[in-house]
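These are the residues of each chain, in order.
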Amino acid sequence: NAGVTQTPKFRILKIGQSMTLQCTQDMNHNYMYWYRQDPGMGLKLIYYSVGAGITDKGEVPNGYNVSRSTTEDFPLRLELAAPSQTSVYFCASSYSSVPSEQYFGPGTRLTVT
Amino acid sequence: DQQVKQNSPSLSVQEGRISILNCDYTNSMFDYFLWYKKYPAEGPTFLISISSIKDKNEDGRFTVFLNKSAKHLSLHIVPSQPGDSAVYFCAPRGRGSTLGRLYFGRGTQLTVWP
């Protein structure tokens, strides 16, 4: 199993550009999450999904959109990139809502200039 | 508004000695407290947890202590090893959360030197 994979690993965007961060898991997990980690800070939940076709907002959803058309994939969309979105983005998945079972991807480092 | 505080951004310990990482919280509604470990260029991985109804949980070299009256928990690593060098996040869970939502602290960078 590859676990949770994220692409790209690094990306530089100009202000106003858009992009999609990809996340795929091969563990048949129902729950998937997107977090962001700003420098010197803890992780904050952006969006989550409890199954295909079901998504909901986390703590910091503004400026982002998600979709969950399959169990495996949970892409995160940035429509109009802003410098405040410079961060490291982590995707995670779990079979249940038990947080100790969350498996994280390696992260995507995004810089918006 | 920080509900979870890890006031020491870094800790340096000699190999074989004890490492103590601290975490303070303000929300009395947390029901589980988790510790995650993170190496550079990797995502966090789960390390150990403790329920709010307990005051101690041990797993090999790792022990977590919970003091609910002080809203304080600590992670003890004995003996510390160079491979333990990583960032450690305290992450409590909100009570009754069907999502299992976690609230992460800022992390403490642990360095274990030979």
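So, how was this worked out
Residues numbered from 1 in each chain as written. Chains lettered and ligands numbered in written order. Predicted model: local features only at pLDDT ≥ 70, side-chain atom pairs only at ≥ 80, totals over all residues. Heavy atoms only, no water. Helix = DSSP H or I, 4+ residues; strand = E, 2+ residues; numbered from the N terminus. Rg over C-alpha atoms; globule rule 2.2 N^0.38 Å. Contact = heavy atoms within 4.5 Å. Areas by Shrake-Rupley, 256 points an atom, 1.4 Å probe, with all protein chains shown as cover. Lys, Arg positive; Asp, Glu negative; His and termini not counted. Charge placed at Lys NZ, Arg CZ, Asp CG, Glu CD. 1 Å grid on protein atoms, 1.4 Å probe; cavity = no way out; pocket = protein on both sides within 12 Å on 5 of 7 lines; lining within 4 Å. Points joined across faces, edges and corners; volume = space filled by probe spheres on them. Nonpolar A, V, L, I, M, F, W, Y, C, P; charged D, E, K, R; others polar. Pairing = 2+ DSSP bridges. Axes fitted to C-alpha atoms, helices over the stretch in contact; angles between N-to-C directions. Salt bridge = Lys/Arg side-chain N within 4 Å of Asp/Glu carboxyl O. Buried < 20%, exposed > 50% of the residue type's maximum accessible area, 1.4 Å probe, protein only. Phe/Tyr/Trp six-rings, centres within 6.5 Å; stacked < 30°, edge-to-face > 60°. Buried area = accessible area lost by both parts, 1.4 Å probe. Polar contact = N/O pair within 3.5 Å; in protein donor to acceptor, adjacent residues only side chain to side chain.

### Details of the overall build of chain A
Now for step 1: Scanning chain A from terminus to terminus reveals 0 helices and 11 strands.
Now for step 2: N-terminal to C-terminal, the α/β element order of chain A is β-β-β-β-β-β-β-β-β-β-β.
Now for step 3: Taking 2.2 N^0.38 as the reference for a compact globule, 113 residues should give roughly 13 Å; the C-alpha atoms of chain A span a radius of gyration of 13 Å, in line with that estimate.
Now for step 4: Overall, chain A is about 35 × 30 × 25 Å in size when its C-alpha atoms are taken along their principal axes.
Now for step 5: A sequence separation of at least 24 residues applies to 55% of the contacts in chain A between residues at least 6 apart.
Now for step 6: Summed over all atoms, the accessible surface of chain A reaches about 5300 Å², with 51% contributed by carbon and sulfur.
Now for step 7: Put simply, chain A has 9 plus and 8 minus side-chain charges, and the middle of one group is 11 Å from the middle of the other.

### Regarding the layout of surface pockets
Now for step 1: Size it by volume and the largest pocket reaches roughly 580 Å³.
Now for step 2: Forming the walls of the largest pocket are 31 residues, and the residues nearest its centre are Gln37(A), Val88(A), Phe90(A), Arg109(A) and Lys38(B).
Now for step 3: Where the lining of the largest pocket is concerned, the elements lending two or more residues are β9 (87-94) and β11 (108-112) of chain A together with β9 (86-94) and β10 (108-113) of chain B.
Now for step 4: Here the lining of the largest pocket gets 4 residues from one element, more than from any other, and that element is β11(A).
Now for step 5: The class makeup of the residues in the lining of the largest pocket is 14 nonpolar, 11 polar and 6 charged.

### Here we look at the sheet that holds β9(B)
Residue and element names in this part refer to chain B.
Now for step 1: Strand order in the open sheet made by the 5 strands is β2-β10-β9-β4-β5, with mixed pairing throughout. The strands lining the two open edges of the sheet, one partner per strand, are β2 (10-14) and β5 (45-51). Here the average twist between neighbouring strands, direction ignored, is 25 degrees.
Now for step 2: For strand β4 (residues 30-38) and β5, the ladder comprises 6 bridges, and the chain directions are antiparallel. Looking at the pairing, Phe 33 lines up with Ile 50 of β5.

### What to know about the pattern of salt bridges
Residues and elements named next belong to chain B.
Now for step 1: Per the counting criterion, the structure on display carries 4 salt bridges over all chains.
Now for step 2: Salt-bridge contacts for Arg 93 lead to Asp 31; the nearest nitrogen and oxygen are separated by 3.1 Å. Taken together, the residues Arg 93 in strand β9 and Asp 31 in strand β4 connect sequence positions 62 residues apart.
Now for step 3: By relative accessible area, Arg 93 is classed as buried at 14%.
Now for step 4: You can call Asp 31 buried: its relative accessible area is 12%.

### Some points on the packing of aromatic side chains
All names here are of chain B.
Now for step 1: Under the counting rule described, the total for this entry stands at 12 aromatic pairs over all chains.
Now for step 2: Considering the side-chain rings of Tyr 36 and Phe 46, the 6.0 Å spacing of their centres and the 75 degrees angle between planes classify their relative orientation as edge-to-face. Placement of Tyr 36 in strand β4 and of Phe 46 in strand β5 is noted, with a sequence separation of 10 residues between them.
Now for step 3: Tyr 36 gets classed as buried once you look at its relative accessible area, which sits at 0%.
Now for step 4: An angle of 80 degrees between the planes, with centres 6.1 Å apart, marks the rings of Phe 89 and Phe 104 as edge-to-face. Of this pair, Phe 89 sits in strand β9 while Phe 104 sits in the loop between β9 and β10; the two residues are 15 residues apart in sequence, bridging distant segments of the chain.

### Regarding the sheet that holds strand β7 (residues 64-66) of chain A
Residue and element names in this part refer to chain A.
Now for step 1: In space, the 4 strands of this open sheet follow the order β1-β3-β8-β7, with antiparallel pairing throughout. The outermost strands of the open sheet, each flanked by one partner alone, are β1 (4-7) and β7. Neighbour to neighbour, the strand axes of the sheet diverge by 20 degrees on average, direction disregarded.
Now for step 2: Examined bridge by bridge, β7 and strand β8 (residues 76-78) share 3 bridges and lie antiparallel to one another.

### Some details on the interface of chain B and chain A
Where interface size is given, it is often the accessible area lost as the parts come together that is meant.
Now for step 1: If you look at the interface, chain B gives 18 residues, while chain A gives 19 residues.
Now for step 2: Contact between chain B and chain A buries roughly 1600 Å² in total, counting both sides, with carbon and sulfur atoms accounting for 63%.
Now for step 3: Seen at the junction of chain B and chain A, the total is 0 salt bridges.
Now for step 4: Here chain B and chain A share 1 residue pair in polar contact (both at pLDDT 80 or more) between them.
Now for step 5: Looking at the side of chain B that touches chain A, the elements with two or more residues in it are β4 and β9 of chain B.
Now for step 6: Looking at the side of chain B that touches chain A, the element that brings in the most residues is β4(B), giving 3 residues.
Now for step 7: Of the residues that constitute the side of chain B that touches chain A, the class distribution is 9 nonpolar, 4 polar and 5 charged.

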